[in-house]
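# Structural overview for review
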Amino acid sequence: MGRWLVTILFLIVSAFLTQWIPFSSFFRNLNTLIHEFGHALTTLVLSGKVLYIELYSDHSGVTRSAVKDSWAFIPVALAGYTTSSLFAWFMFSLDAKGKQKLALSIITGIAVLSLILFVRNSFGMLWLAGFIALTVVVLLVGGQKLGRFYYLLISFLMLEDSVFGSFSLILYAWEDSTSAGDATLLSQHTPLPAIVWAGFFTVFSLWCAVKALMTFIGPKNAPKPVTASNESQLF
């Protein structure tokens with residue numbers, strides 16, 4: 001439980017700090033992109049058809065797709081939040097291995113594919129073009145310090161948004177179960193209510209966040225056990 005609490009506190013502090021970084025709002029659409037790409041990819045794996053993806057300036061998005069069987073809506077709906085949470089963990093895992101350029105190349109590839117194949121609204125296309133251009137510049141001429149800052153900025157923003165985005169579903173489901181996005185869709189195809197699915201997404205995103213931050217801290221820098229009258233461990 002200690003790891004989860006520390007993770008939540010760390011995310012709250014980092015979310016506050018990143019608000020002070022200029023243009024940080026621009027990069028928050030990255031989590032939305034990965035979320036919607038997760039829906040699209042799962043649709044294609046299940047032999048469905050992706051009609052389009054739209055990305056909006058308020059960091060929301062939508063994927064319209066068609067599948068042959070009604071059961072396929074379940075994995076498609078599950079894919080959005082789980083993909084964004086796993087991808088945030090993936091970013092920190094590659095960072096720990098010193099493979100930041102590989103991670104940025106993968107993100108750029110996803111953005112290019114989305115621009116060519118899926119995204120059709122004006123804002124989404126402009127944002128993707130800008131993000132692709134900026135990331136390519138950072139990769140080619142950014143230098144070590146700028147590249148490191150850029151990588152950590154988007155990694156932490158993705159981690160924050162994956163957690164807080166899923167948590168917001170709980171609030172939406174509590175107020176109106178029909179306005180909780182993917183959780184509402186899942187409730188329509190399963191016996192579980194939207195708030196339960198929202199809770200699942202939140203717990204899963206926190207679990208991924210714990211794994212990501214433990215990877216970032218590393219075993220060498222991890223806090224040591226604290227000894228008192230009884231032995232206890234911080235994490």
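Figured I'd write up the structure that's included with this text. (Residues numbered from 1 in each chain as written. Predicted model: local features only at pLDDT ≥ 70, side-chain atom pairs only at ≥ 80, totals over all residues. Heavy atoms only, no water.)

Moving on: the packing of aromatic side chains. Counting across every chain of the model gives 15 aromatic pairs. Plain terms: the ring middles of Phe-92 and Phe-216 are 5.8 Å apart, the flat faces sit at 85° to each other, and that makes the pair edge-to-face. With a gap of 124 residues between them, Phe-92 in helix H4 (residues 73-96) and Phe-216 in helix H9 (residues 194-221) connect regions that are remote in the sequence. Looking at Phe-92, the relative accessible area reads 1%, which means it is buried. When the ring of Phe-200 is compared with that of Phe-204, the centres are 6.2 Å apart and the planes differ by 25°; the resulting orientation is stacked. (Phe/Tyr/Trp six-rings, centres within 6.5 Å; stacked < 30°, edge-to-face > 60°. Helix = DSSP H or I, 4+ residues; strand = E, 2+ residues; numbered from the N terminus. Buried < 20%, exposed > 50% of the residue type's maximum accessible area, 1.4 Å probe, protein only.)

What follows is about the nonpolar core. Core analysis: the biggest nonpolar cluster contains 41 residues, and Leu-30, Leu-33, Met-91, Phe-131, Ile-154 and Leu-159 have the highest contact counts within it. Per-element tally for this core: the top contributor is helix H7 (residues 143-175), with ten residues. Those residues in contact with Leu-33 that sit more than four places away from it in its chain are Leu-55, Ile-110, Ala-111, Ser-114, Trp-127 and Leu-128. (Core = buried A, V, L, I, M, F, W, Y, C linked by side-chain atoms within 4.5 Å. Contact = heavy atoms within 4.5 Å.)

With the rule as written, the count across this model stands at three salt bridges. Across the salt bridge formed by Glu-160 and Arg-28, the nearest N and O atoms sit 3.5 Å from each other. Here Arg-28 lies in the loop between helix H2 (24-27) and helix H3 (29-45) and Glu-160 lies in helix H7, a separation of 132 residues in the sequence. As far as burial versus exposure is concerned, Glu-160 and Arg-28 are alike and both buried. Residues participating in the shared-partner salt-bridge network are Arg-28, Glu-160 and Asp-161. (Salt bridge = Lys/Arg side-chain N within 4 Å of Asp/Glu carboxyl O.)

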